[in-house]
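Letter by letter, the chains look like this.
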Amino acid sequence: PVQIEDDRTGLSVETLKRAFADNLFYIQGKNADIATLNDYYMALAYTVRDRLLQRWLSTIKAQLKPEVKVVYYLSAEFLMGPHLGNNLVSLGIYDQVRQAIQESGLNLEELIAQEEEPGLGNGGLGRLAACYLDSLAALEIPAVGYGLRYEFGIFDQEIRDGWQVEITDKWLRYGNPWEIARPEATVEVKLGGHTEAFVDGAGRYRVRWIPERTIVGVPYDTPVLGFKNNAANTLRLWKAEAPESFDFQAFNLGDYYGAVNAKMYSENISKVLYPNDEPLQGRELRLEQQFFFVSCSLQDIIRRHLYVGGKLEDLHNSAAIQLNDTHPSIGIAELMRLLVDEHNIDWDTAWQITQNTFAYTNHTLLPEALERWPLSLFGSLLPRHLEIIFEINRRFLQEVSAKFPGDTGRLARLSLIQEGPEKFVRMAHLASAGSHAINGVAALHSELLKRDVLRDFYELSPEKFSNKTNGVTPRRWIMLSNPELAFLISESIGDGWIKNLGELRELERFANDKEFQSRWRQIKLNNKTNLAEYIRKRTGLVVDPHSLFDIQVKRIHEYKRQHLNVLYIITLYNRLKQNPELEITPRTFIFGGKAAPGYFMAKLIIKLINSVADVVNNDPDVGGRLKVVFLPDYNVTFGQRVYPAAELSEQISTAGKEASGTGNMKFSMNGALTIGTLDGANVEIREEAGEENFFLFGLTTEEVYALKARGYNPRDYYNGNPALRQVIDQLASGVLSSGETHLFAPLVDHLLNRDEYLLLADYQSYVECQDRVGEAYRDQEHWTRMSILNSARMGKFSSDRAIREYCEDIWGAVAVDVVLEE
Ligand code: 26Q
């Protein structure tokens, strides 16, 4: 009998081709005569989607059981990156599909490039959530990611006249083949109004919330495949809509415009991602967003728990809820409200359940970045939750008093409410009090948390604290983005590293192997050539693939010190101007990153990079030995081109400011060497790579504290260092800004008079370190050896390792085997 593969599940090249053509015709409504590239992309996306639905439904079936514990990852951001390529990798059908597409007269890479990435995050925190979903599925841990389905994600960045311009991100414009709406699972969320006390039938004192508005949350589900296993978890994002009845009511009263207006107001909630990676001010809509997705998610979690026959008293046995920073921490008050007000559970029991269910990850050490909401705003939007927070606080402070009698200073410091002329709810305090576990995201960060930001919580409950160093997924960040390197690695040590990144250690024995070294170098050169071609297409700039590719990509922030990098570029430029014959290592400095639209200094730093680029790139004395590139619109897609092409990774934040960093890990895995401070996960990267394979500079956290304590005066450094002085003077003079003397005045002013992030203090150390980098690059054999050792020793930074630690220490979650159902 002839075996015929099903068109929707078959994986042979023939079947894939047939299914692809079929989807082009019946879904896109096109044939080859009129199909656009996007039509072909959509036809392929649906072909792939068909092939994962079976896994998805089988996974749901395997996991929908009372004894299964599910991890719920609550995050205001999920920066997933394009799905198509990743799903091909997970399904293990990349090569078959490439061939099927080729035989259809098309190019797979071109179709993959058609996908508009869902930019539902700002940077590190959102991308971490995406890597964690990948690893949860790879490890077959039942998990749901809950968040917001923003209609407009992070803005697209254009550069005009050197300045950042923000363009609306219309990512849903051509439809999204990866999501499925589940309107039958819609939930309601209430806002505003007031509360009333009453005594219920059993004579118990209760509170009723009389809300003012209702919003409806519609879930949109995206499958998240495990790597070469049968698991497909769910990313469930909520879209805000107006309740239908509300429309009709107003309509019947003849207030048609009123009804439409209310509808628009409701839909606003999931309209746009806030493009700040720090809370600038407490905007009401932002709090509405947070409460909206958290309330939807908790109702969904409880619904599932009851559906499988669980009792609410046992919620913590079937659910582990992780708070990705404080953004979803209102969930603690909301779960208390659901348990106490709606499900009539007594306060103490409800508090036990809540604490046992929630855990909190902190991502920042900057005190100004800790979320707090004005009491007045909070109370008008969530009157019942404010009461609940007061009650949590009252009982919490009682406990504190019992443990530290008479210590009123401590009470004030620990209180969930910040007193003063304007009062605030402190969300990190709510999260810490309401969770059984609190973690930082790198060893240093977790230590500093205990010492500074959460010191009082540590002294109160040291057992809650642990470190979970961040990780990134090797599937997207090596296999998908650097296929040639992945191939070489697998050929040399087998392909076990993809699921067990520790195996990369076996590469160490090739570090001195001439033949291996030359293939390693060739792959880097190929990746650099590709990036150079992309740079030419996007900016018109020609860069030399044989120069040292020195790259800094990340959000633009003063503490990340992109402008310290610029100070070195100007220093090099000055040396060449002084002595055009000088022998230097040719370098290409590449920058990428977005600035928050309201962050003036960050935008000025972008302008600075572009102004310096103009001068350096066009000066005949430089003779092309230095190039400076600012690549617009840095995002996940672009990251996938950048990390594989990098030779030097810039991780130069002021010590004690960067919680972890994750780009640092992606660079290093792909064979870049790091120039960095002892900050965030750099410390652990250096530990793993070996100090001889890491370019270290700058003050330590302790030295930063000490210097600030004894009174830091940036002018001392300016006055004492002629090269630095020259650079600063040039910034002020206008030679770097076509004579506009005032342009960089705010930067110069800040550096000379305040320099909060100690650029001038670290300048000399950075320059010397960069000079060592330039020297080291001349010995290509030695450089390659260091590069191989960096990759070989990055096993620790797989998100699989991080997720295993969360499962064991915090969530108590275990793998559930998925059997494929026909
Ligand atoms: C909060 C309230 C209102 C508006 C915006 C925000 C907001 C949004 C995003 C606050 C913070 C963020 C993002 C923070 C972030 O990305 N932090 C980074 O997290 C990474 C993952 O742990 C770390 O590696 C980085 O060090 C840290 O900066």
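Rules of the game
- Residues numbered from 1 in each chain as written.
- Predicted model: local features only at pLDDT ≥ 70, side-chain atom pairs only at ≥ 80, totals over all residues.
- UniProt positions renumbered as here; feature names shortened; annotations may be inferred.
- Helix = DSSP H or I, 4+ residues; strand = E, 2+ residues; numbered from the N terminus.
- Buried ≥ 20, exposed ≤ 12 C-beta atoms within 10 Å, placed from the backbone.
- Contact = placed C-beta atoms within 7 Å.
- Near = placed C-beta within 6 Å.
- Nonpolar A, V, L, I, M, F, W, Y, C, P; charged D, E, K, R; others polar.
- Expected span 1.5 Å × (residues − 1).
- Domains from an automatic or database assignment.
- Pairing = 2+ DSSP bridges.
- Right-handed = clockwise from strand over helix to strand, strands pointing away.
- pLDDT = per-residue confidence, 0-100.
- Axes fitted to C-alpha atoms, helices over the stretch in contact; angles between N-to-C directions.
- Parallel < 35°, antiparallel > 145°, perpendicular 65-115°, else oblique.
- Left-handed = near helix turned anticlockwise from the far one by under 90°.

As recorded in an unreviewed UniProt entry, the protein goes by Alpha-1,4 glucan phosphorylase and comes from Gloeobacter violaceus. UniProt annotates the protein under Sequence similarities (unreviewed entry) with the comment "Belongs to the glycogen phosphorylase family." What the UniProt record of the protein gives under Catalytic activity (unreviewed entry) is the line "[(1->4)-alpha-D-glucosyl](n) + phosphate = [(1->4)-alpha-D-glucosyl](n-1) + alpha-D-glucose 1-phosphate".

Asks: How should I be thinking about the overall build of the protein in this particular structure?
Replies: Counting its secondary structure elements, the protein contains 33 helices and 23 strands. Each of the three principal axes of the protein carries a C-alpha extent, and together these read 90 × 85 × 60 Å. The buried share of the protein, reckoned over its 822 residues, is 49%. A fraction of 75% describes how many contacts in the protein between residues 6 or more apart in sequence connect residues 24 or more apart.

Asks: In this structure, what is going on with the UniProt feature "modified residue: N6-(pyridoxal phosphate)lysine" (unreviewed entry) in the protein? I would like to understand it.
Replies: In this structure's numbering, the residues bearing the UniProt feature "modified residue: N6-(pyridoxal phosphate)lysine" (unreviewed entry) are K666. Ignoring any residue separated from it by four or fewer positions in sequence, one finds K666 in contact with V472, W477 and Y643.

Asks: What is the right way to look at the site of the ligand in this model?
Replies: Near the ligand there are 22 residues, and of these G124, L125, P279, A659 and S660 occur at the shortest range. Considering every element that reaches the shell around the ligand, the biggest residue donor is helix α6 (residues 124-138), with 3 residues. Across the shell around the ligand, the residue classes break down as 6 nonpolar, 11 polar and 5 charged.

Asks: Teacher, can you tell me more about helix α14 (residues 383-403) here?
Replies: Because the α-helix completes a turn every 3.6 residues, residues three or four places apart line up on one side. Taking 1.5 Å of rise per residue, the 21 residues of α14 would be expected to cover 30 Å, and the 31 Å separating its terminal C-alpha atoms lies within 8% of that figure. When we look at burial in α14, the residues that qualify are P383, R384, H385, L386, I388, I389, I392, F396 and V400.

Asks: Whenever I open this one, the domain arrangement of the protein confuses me. Can you help?
Replies: Where the parts come together, the accessible area they lose is often given as the size of the interface. Segmentation of the protein into domains returns domain 1 (1-65 + 85-116), domain 2 (68-81 + 119-156 + 169-370 + 435-470) and domain 3 (483-797). Centre-to-centre separation of domain 1 and domain 3, based on C-alpha positions: 39 Å.

Asks: Explanation requested: the sheet that holds strand β15 (residues 424-426) in the structure shown.
Replies: Whenever strands of a sheet pair, they do so through backbone hydrogen bonds, lying parallel or antiparallel. Overall, antiparallel pairing links the 3 strands, which are arranged β13-β15-β14 in an open sheet. Among the strands making up the open sheet, the edge pair consists of β13 (372-374) and β14 (417-418). Where β14 meets β15, 2 bridges bridge the pair, whose relative direction is antiparallel. Across the sheet, residue I417 finds its bridge partner in β15, namely V425.

Asks: What's the story with unusual backbone geometry in this structure? I'm lost.
Replies: Across the chain, the bulk of peptide bonds are trans and the bulk of non-glycine residues have phi less than zero. Despite not being glycine, D161 shows a phi value in the positive range, around 55°. Considering the arrangement of structural elements, one finds D161 in the loop between β3 (156-160) and β4 (163-167). Given 8 C-beta atoms within a 10 Å radius, D161 is considered exposed. You will see that D633, though not glycine, has its phi angle at about 65°, which is positive. Relative to the assigned elements, D633 resides in the loop between β20 (626-630) and α24 (636-642).

Asks: Honestly, the pairing of strand β22 (residues 673-676) in this entry has me stumped. Any pointers?
Replies: Residues in a regular strand point their side chains to alternate faces of the sheet. Side chains of β22 alternate between two faces, with L673 and I675 and T674 and G676 buried alike. With 4 bridges joining them, strand β21 (residues 648-651) and β22 adopt parallel strand pairing. Its bridge partner lying in β22, L648 is registered against L673. Regarding the hand of the β-α-β motif, the stretch spanning β21, helix α25 (residues 663-669) and β22 is right-handed. Chirality of the crossover, the property in question, places the unit of β22, helix α26 (residues 682-689) and strand β23 (residues 695-696) among those that are right-handed.

Asks: I tried to follow the confidence of the model for the protein on my own but got confused; where do I start?
Replies: The predicted coordinates should not be examined in detail at positions where pLDDT is low. Summary statistics for the protein give a mean pLDDT of 96 and a share of 99% for residues scoring 70 or more. Our summary of model confidence lists the complex with pTM equal to 0.98 and ipTM equal to 0.98.

Asks: Quick question: what am I supposed to make of the packing of helix α2 (residues 37-63) against helix α3 (residues 84-91) here?
Replies: Packed helix pairs are specified by the crossing angle of their axes together with the interaxial distance, meaning the distance between the axes. Running from N to C, α2 and α3 cross one another at 40°; their axes reach a closest spacing of 11 Å. Of the possible angle classes, the one that applies to α2 and α3 is oblique. Once α2 is placed against α3, the crossing between them reads as left-handed. Residues L44, A45, V48, R51 and L52 of α2 form the contact with α3, whose own contacting residues are L84, N87, L88 and L91. Looking at side-chain class alone, the contact of α2 with α3 contains 7 nonpolar, 1 polar and 1 charged residues.

Asks: Explain the environment of M80 here, please?
Replies: Locating M80 in the fold gives a position in the loop between β1 (70-74) and α3. Judged by C-beta crowding, with 26 C-beta atoms within 10 Å, M80 ranks as buried. M80 sits 683 residues away from Y763 along the chain, and the two C-alpha atoms are 36 Å apart.

Asks: Where do I start with the environment of F78 in this structure?
Replies: Relative to the helices and strands, F78 is located in the loop between β1 and α3. Setting aside anything within four residues of it in sequence, one finds F78 in contact with L120, G121, G126, A129, A130, G145, G147 and L235.

Asks: Explain the sheet that holds β22 here, please?
Replies: Strand order in the open sheet made by the 6 strands is β20-β19-β18-β21-β22-β23, with parallel pairing throughout. Each end of this open sheet is capped by a strand with a single partner; those strands are β20 and β23. As paired elements, strand β18 (residues 548-553) and β21 share 2 bridges and run parallel to each other. By the bridge assignment for β21, D550 is matched with L648. Along the sheet, helix α23 (residues 600-617) makes contact with β19 (587-592) and β20, crossing β20 at roughly 145°.

Asks: Before we go on, may I ask you to explain the environment of K228 in this structure?
Replies: Locating K228 in the fold gives a position in the loop between β9 (213-225) and β10 (232-241). Linking K228 and K499, residues 271 residues apart in sequence, is a C-alpha distance of 9.4 Å. Once residues within four sequence positions are removed from consideration, K228 is found in contact with S90 and G92.

Asks: Would you explain the packing of helix α11 (residues 330-342) against helix α12 (residues 347-357) in this entry?
Replies: In contact at an axis separation of 9 Å, α11 and α12 are set at 140° when each is read in the N-to-C sense. Classified by the angle between their axes, α11 and α12 sit oblique to one another. For the pair α11 and α12, the crossing hand works out as right-handed. In this structure, α11 contributes I332, L335, M336, L339 and V340 to the contact, and α12 contributes W347, A350, W351, I353, T354 and T357.

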